[in-house]
Amino acid sequence: MSQKEKDFFDYNKKWHTIGRIWNTIGILLIIAVPFVVCFSLKVTPNWTVFGNLGIWTLIIINLGSGISEPVIYAPMLGTNGEYLAFITGNLSNLKVPCALSCIDAENAKSNTDEGDIIATVSTAVSSIVTILVIIIGVILIAATPLADLLAKPAAQKAADYLLPALFGALAVVYVSRNPKIAFPPVILMVALCIAIPKIESIISILVPFVAIFTVGVARIMYKKGWLGKNEPEK
């Protein structure tokens, strides 16, 4: 092992250790909130409801995405960025788009030392901005009639289109880069949503399956030489 490889290994090992420690602390703090509330108010949860709904919902809805998302996002966010993003949340609609946009703006590449540094800084800045926006929002709701405005049906209807608008804008950028790879999973999900309208309630469970489907289709295209940058395998 060369000195450069050894330094890179030691760097990753160090930050994996730090990331696990801080993520463990963060998870414990999050879990502590309901316990502190129950203790302060001298109440206890309905354990029957918690056992029947809480645990099963956690397993069914979050198990698939909990396994697949760290694998999918690791090359995009890097070691430090992934630990930071997963403890602060909002990966798909904030952290990952922000990191990828910053990497593109610097003409860098994901899964490189430069890309990892840019992804880490952009994820940290995104987290800080999110916290500041939340603080401003709380102050405005407490000090102005903003809460009444947001409660109006028109505002609620507009809020339903925020995420579709965000992902639509992102899709234009990333789909246009390689539509041959992007269209098969898009077509699959559109077909599923049309055929099974209620599938959106379990959409997170489908993430690993769609990821596997996309990788498989991309592999087939690569072997056939349909991506335009390689010769078909013989």
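Residues numbered from 1 in each chain as written. Predicted model: local features only at pLDDT ≥ 70, side-chain atom pairs only at ≥ 80, totals over all residues. Heavy atoms only, no water.

Undergrad: With reference to specific residues and values, describe a nonpolar patch on the surface.
TA: Side chains of Ile117, Val121, Val125, Val129 and Val133 sit close together on the surface and give an oily, nonpolar patch of about 430 Å² of accessible area. Here Val133 lies in helix α4 (residues 113-143). (Patch = residues over 30% accessible without salt bridge, like charges linked within 9 Å, V, L, I, M, F, W, Y side chains within 5 Å. Areas by Shrake-Rupley, 256 points an atom, 1.4 Å probe, with all protein chains shown as cover. Salt bridge = Lys/Arg side-chain N within 4 Å of Asp/Glu carboxyl O. Helix = DSSP H or I, 4+ residues; strand = E, 2+ residues; numbered from the N terminus.)

Undergrad: Summarise unusual backbone geometry; cite the residues concerned and give the values.
TA: Excluding glycine, residues mostly carry a negative phi; peptide bonds, for their part, are mostly trans. Of note, the phi angle at Lys42 is positive, near 55°, even though the residue is not glycine. For Lys42, the position within the fold is in the loop between α1 (3-41) and α2 (47-88). Phi angles above zero are rare outside glycine, and Asn90 is one such case at about 55°. Considering the arrangement of structural elements, one finds Asn90 in the loop between α2 and α3 (91-105).

Undergrad: Give me the confidence of the model for the protein: which residues, what numbers.
TA: For the protein, the mean per-residue pLDDT works out to 82, and 89% of the residues sit at or above 70. Per-residue pLDDT, averaged within each element of the protein, yields its smallest value for helix α7 (residues 162-177) (75) and its largest for α4 (89). (pLDDT = per-residue confidence, 0-100.)

Undergrad: So, the packing of aromatic side chains: which residues are in play, and what are the values?
TA: Applying the stated rule across the entire model yields 1 aromatic pair. Seen from their ring centres, Tyr73 and Phe86 are 6.5 Å apart, and the 50° between their planes marks the pair as tilted. On the basis of relative accessibility, which here comes to 12%, the residue Tyr73 falls in the buried class. (Phe/Tyr/Trp six-rings, centres within 6.5 Å; stacked < 30°, edge-to-face > 60°. Buried < 20%, exposed > 50% of the residue type's maximum accessible area, 1.4 Å probe, protein only.)

Undergrad: Please give an account of the packing of α7 against helix α8 (residues 179-195) that cites residues and values.
TA: Closest axis-to-axis distance for the α7/α8 pair is 6 Å, and the angle between their directions is 125°. Judged by the angle between their axes, α7 and α8 are oblique. Judged by residue contacts, Val175, Ser176 and Arg177 of α7 engage Pro179, Ala182 and Phe183 from α8. Along the lines of polarity and charge, the residues of the contact of α7 with α8 split into 4 nonpolar, 1 polar and 1 charged. (Axes fitted to C-alpha atoms, helices over the stretch in contact; angles between N-to-C directions. Parallel < 35°, antiparallel > 145°, perpendicular 65-115°, else oblique. Contact = heavy atoms within 4.5 Å. Nonpolar A, V, L, I, M, F, W, Y, C, P; charged D, E, K, R; others polar.)

Undergrad: Quick one: what's the story with the nonpolar core, residue by residue and with numbers?
TA: Counting 11 residues, the largest nonpolar core is built from Tyr73, Leu77, Ala85, Leu91, Val96, Ala99, Leu100, Ile103, Ala108, Ile118 and Ala119. Listing elements by their share of this core, those giving two or more residues are α2, α3 and α4. By residue number, the principal contributor to this core is α3, which donates 5 residues. Setting aside residues up to four positions removed in sequence, Ile118 forms contacts with Cys102, Ile103, Glu106 and Ala108. (Core = buried A, V, L, I, M, F, W, Y, C linked by side-chain atoms within 4.5 Å.)

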